[in-house]
Amino acid sequence: MRLGAEWTRSIRPAQDRSAIAILDQTLLPWRVVWIRLAGLEDTAEAIAAMRVRGAPLIGAVGAFGLALALREDASDEALEAAATRLIATRPTAVNLAWAVARVAEAVRNRPRGDRFDAAWAEASAIADEDAACCEAIGRHGLPLIAGIAERKGGDPVNILTHCNAGWLATVDWGTATAPIYRAHDAGIPVHVWVDETRPRNQGAALTAFELGGHGVPHTVVADNAGGHLMRRGEVDLVLVGTDRVARNGDVANKIGTYLKALAAADTGVPFWVALPFSTIDWSLASGELIPIEERSEAEVTEIAGLAEDGAVRRVRVVSPGSRAANPAFDVTPARLVTGLITERGRCAASEAGLLSLYPEKA
Ligand code: MRU
């Protein structure tokens, strides 16, 4: 991923394995600050406060968090307590529970003295695999954009995305953004409509920051603009990430995704979802069973931004005394999803489609 002049990943493990460094995403795009997570408490706080966010990234960070917890205390009790604590920080993105369980599984039957080494190695493998998956998602998604570009005869391909499913949400490349970066790097003209993504504005703050840094033409729109743009023929493709895909192809993603899928279905715009295997929850028959995270009212009643004096401030935008509700995700039924892009290729959003790519799950 490109951050200013340098190429880096969104997690930097310390050489001496005493900590990891992550970009504090609550400060972006105003301040680029790497912070150090040196143990269970730091890691759990960073995930819960969304200093790191995005399904694959919280998975990889959670995996390192469990390793760091074992560095402090490698007992059976500490292992189970740390795993439970980390998994509880964010309930919808299955990558977190999956990654923490994978590290726990890798160390459970080992002597205490070996557990930290094994956990750190497993967390590193998870991070490397995520980067490789996203790179592959880019390869498998590219033909979709290239095909539209060919039909448009050189006019830019207009892609609408929601929230941030970019490198800031993964270890590298992103999921939904990986094909976009590939297309742009290959000289295919693309333009991205970036949903601002209230309440936390991950689109306006993070996706716009990423795309701008990579030189990808983009325009931020209010969340409510997507349907209008689609009706006017100004969107060729909707491309989003996901936090959990159920066995039947139903897709949980940032709140508001479902409305974009409805508008896309009504206007005939293809609606694709990009994900690595770690986002598939084979244990859930349908999206109705996906737990939806409820976050604080303050995320809706207030908004953060850069004030004229250069300070980052929160201001209240809701009438005093009014209550707010904040469901953080919604579920888009598989019937509204044109297809899924994974590290193994593209498939229909259905159990048969998923099994065609992952036959070992039959
Ligand atoms: O609440 P967030 O910011 O963690 O939500 C992130 C999303 O909804 C992303 O679209 C999803 O995690 C996919 S990330 C590649």
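Draft legend 1. Summary view of the packing of aromatic side chains. Scanning the model with the defined rule gives 4 aromatic pairs in all. With a centroid separation of 4.9 Å and an interplanar angle of 70°, the aromatic rings of Phe-64 and Trp-120 are classed as edge-to-face. With a gap of 56 residues between them, Phe-64 in helix α2 (residues 55-72) and Trp-120 in helix α5 (residues 112-152) connect regions that are remote in the sequence. Just as Phe-64 is buried, Trp-120 falls in that class too. Both rings, one in Trp-98 and one in Phe-277, keep their centres 5.4 Å apart while their planes meet at 90°; by these two values the pair is edge-to-face. Of this pair, Trp-98 sits in helix α4 (residues 94-107) while Phe-277 sits in the loop between β12 (271-274) and β13 (280-281); the two residues are 179 residues apart in sequence, bridging distant segments of the chain. Each residue in the set Phe-64, Phe-116 and Trp-120 is aromatic and connected to the rest through ring pairs, giving one cluster. Here the basic side chain of Arg-71 rests over the ring of Phe-116, its NZ or CZ set 5.8 Å away from the ring centre. The side chain of Lys-254 reaches across the aromatic face of Phe-329, ending 4.2 Å from its centre.

Draft legend 2. Layout of the domain arrangement of the chain. When the domains of the chain are assigned, the result is domain 1 (2-129) and domain 2 (137-361). Domain 1 and domain 2 are separated by 24 Å when their C-alpha centres are compared. In this complex, domain 1 contributes 34 residues to the contact, which on the side of domain 2 involves 38 residues. Of the roughly 2900 Å² buried between domain 1 and domain 2, counting both surfaces, carbon and sulfur atoms make up 59%. Considering only the surface of domain 1 that becomes buried against domain 2, Arg-2, Trp-30 and Thr-92 emerge as the three largest contributors, covering 22% of it. Along the contact surface separating domain 1 from domain 2 lie 1 salt bridge.

Draft legend 3. Quick peek at the site of the ligand. The full set close to the ligand counts 19 residues, and Arg-53, Arg-90, Gln-202, Asn-253 and Lys-254 are the nearest of them. One of the side-chain N or O atoms of Arg-53 is found 2.8 Å from an oxygen atom in the ligand. Contacts to the ligand include Gln-202, whose side-chain N or O atom sits 2.8 Å from an oxygen atom. Burial of the ligand by the protein amounts to 99% of the accessible area it has alone, namely 410 Å². Elements with a minimum of two residues in the shell around the ligand: α2 and β11 (251-254). For the shell around the ligand, the residue count by class is 7 nonpolar, 8 polar and 4 charged.

Draft legend 4. How the structure looks around the nonpolar core. Ile-11, Ile-20, Val-52, Val-61 and Leu-66 are the most contacted members of the largest nonpolar core, which has 41 residues in total. Of all the secondary-structure elements, those providing two or more residues to this core are β4 (20-23), α1 (40-48), α2, α3 (76-89), α4 and α5. When residues in this core are grouped by element, the largest group, 12 residues, is from α2. Not counting residues up to four positions away in its chain, the partners in contact with Ile-20 are Ile-11, Arg-12, Pro-13, Ala-14, Ile-35, Arg-36, Leu-37, Val-61, Phe-64, Leu-68 and Trp-120.

Draft legend 5. The state of the cysteines, seen in detail. With the rule as written, the count across this model stands at 0 disulfides. Here Cys-133 is not disulfide-linked; the sulfur of Cys-134 is the nearest cysteine sulfur, at 6.7 Å.

Draft legend 6. Representation of the pattern of salt bridges within the structure. Taken as a whole and assessed by the stated rule, the structure comprises 26 salt bridges. Note that Arg-247 is salt-bridged to Glu-351, the shortest N-O span being 2.8 Å. Of this pair, Arg-247 sits in the loop between β10 (244-246) and β11 while Glu-351 sits in helix α11 (residues 351-357), and the two are 104 residues apart along the sequence. The partner of Asp-309 in a salt bridge is Arg-313, and the shortest N-O contact between them spans 2.7 Å. A residue is classified by how much of its surface remains accessible, and Asp-309, at 54% relative accessible area, is exposed. Connected via shared salt-bridge partners are Arg-90, Arg-200, Glu-293, Arg-295 and Glu-299.

Draft legend 7. Highlighting the environment of Lys-260. You can see Lys-260 is positioned in helix α9 (residues 257-267). Overall, the relative accessible area of 6% leaves Lys-260 in the buried class. On a C-alpha basis, the gap between Lys-260 and Met-230 in space is 9.2 Å, while along the polypeptide they are 30 residues apart. In this structure, Lys-260 is in contact with Leu-160, His-162, Asp-195, Asp-223, Gly-226, Met-230 and Phe-271, ignoring residues within four places of it in sequence. Within the structure, the side chain of Lys-260 is placed 2.8 Å from the backbone oxygen of Asp-223, a separation counted as a polar contact.

Draft legend 8. The arrangement of the sheet that holds strand β5 (residues 34-37) in detail. The strand order across the open sheet formed by 3 strands is β3-β4-β5, and the pairing between neighbours is antiparallel. The strands lining the two open edges of the sheet, one partner per strand, are β3 (11-13) and β5. Going from strand to strand, the sheet's axes swing by 25° on average, the running direction of each strand aside. Relative to β4, β3 is paired through 3 bridges, and the arrangement is antiparallel. Opposite Arg-12, over in β4, you have Ala-21 as the bridge partner.

Here is what the cut-offs are and how they apply
Residues numbered from 1 in each chain as written. Predicted model: local features only at pLDDT ≥ 70, side-chain atom pairs only at ≥ 80, totals over all residues. Heavy atoms only, no water. Phe/Tyr/Trp six-rings, centres within 6.5 Å; stacked < 30°, edge-to-face > 60°. Helix = DSSP H or I, 4+ residues; strand = E, 2+ residues; numbered from the N terminus. Buried < 20%, exposed > 50% of the residue type's maximum accessible area, 1.4 Å probe, protein only. Lys NZ or Arg CZ within 6 Å of the ring centre and 35° of its normal. Domains from an automatic or database assignment. Contact = heavy atoms within 4.5 Å. Buried area = accessible area lost by both parts, 1.4 Å probe. Salt bridge = Lys/Arg side-chain N within 4 Å of Asp/Glu carboxyl O. Near = heavy atom within 4 Å. Polar contact = N/O pair within 3.5 Å; in protein donor to acceptor, adjacent residues only side chain to side chain. Areas by Shrake-Rupley, 256 points an atom, 1.4 Å probe, with all protein chains shown as cover. Nonpolar A, V, L, I, M, F, W, Y, C, P; charged D, E, K, R; others polar. Core = buried A, V, L, I, M, F, W, Y, C linked by side-chain atoms within 4.5 Å. Disulfide = S-S within 2.5 Å. Pairing = 2+ DSSP bridges. Axes fitted to C-alpha atoms, helices over the stretch in contact; angles between N-to-C directions.

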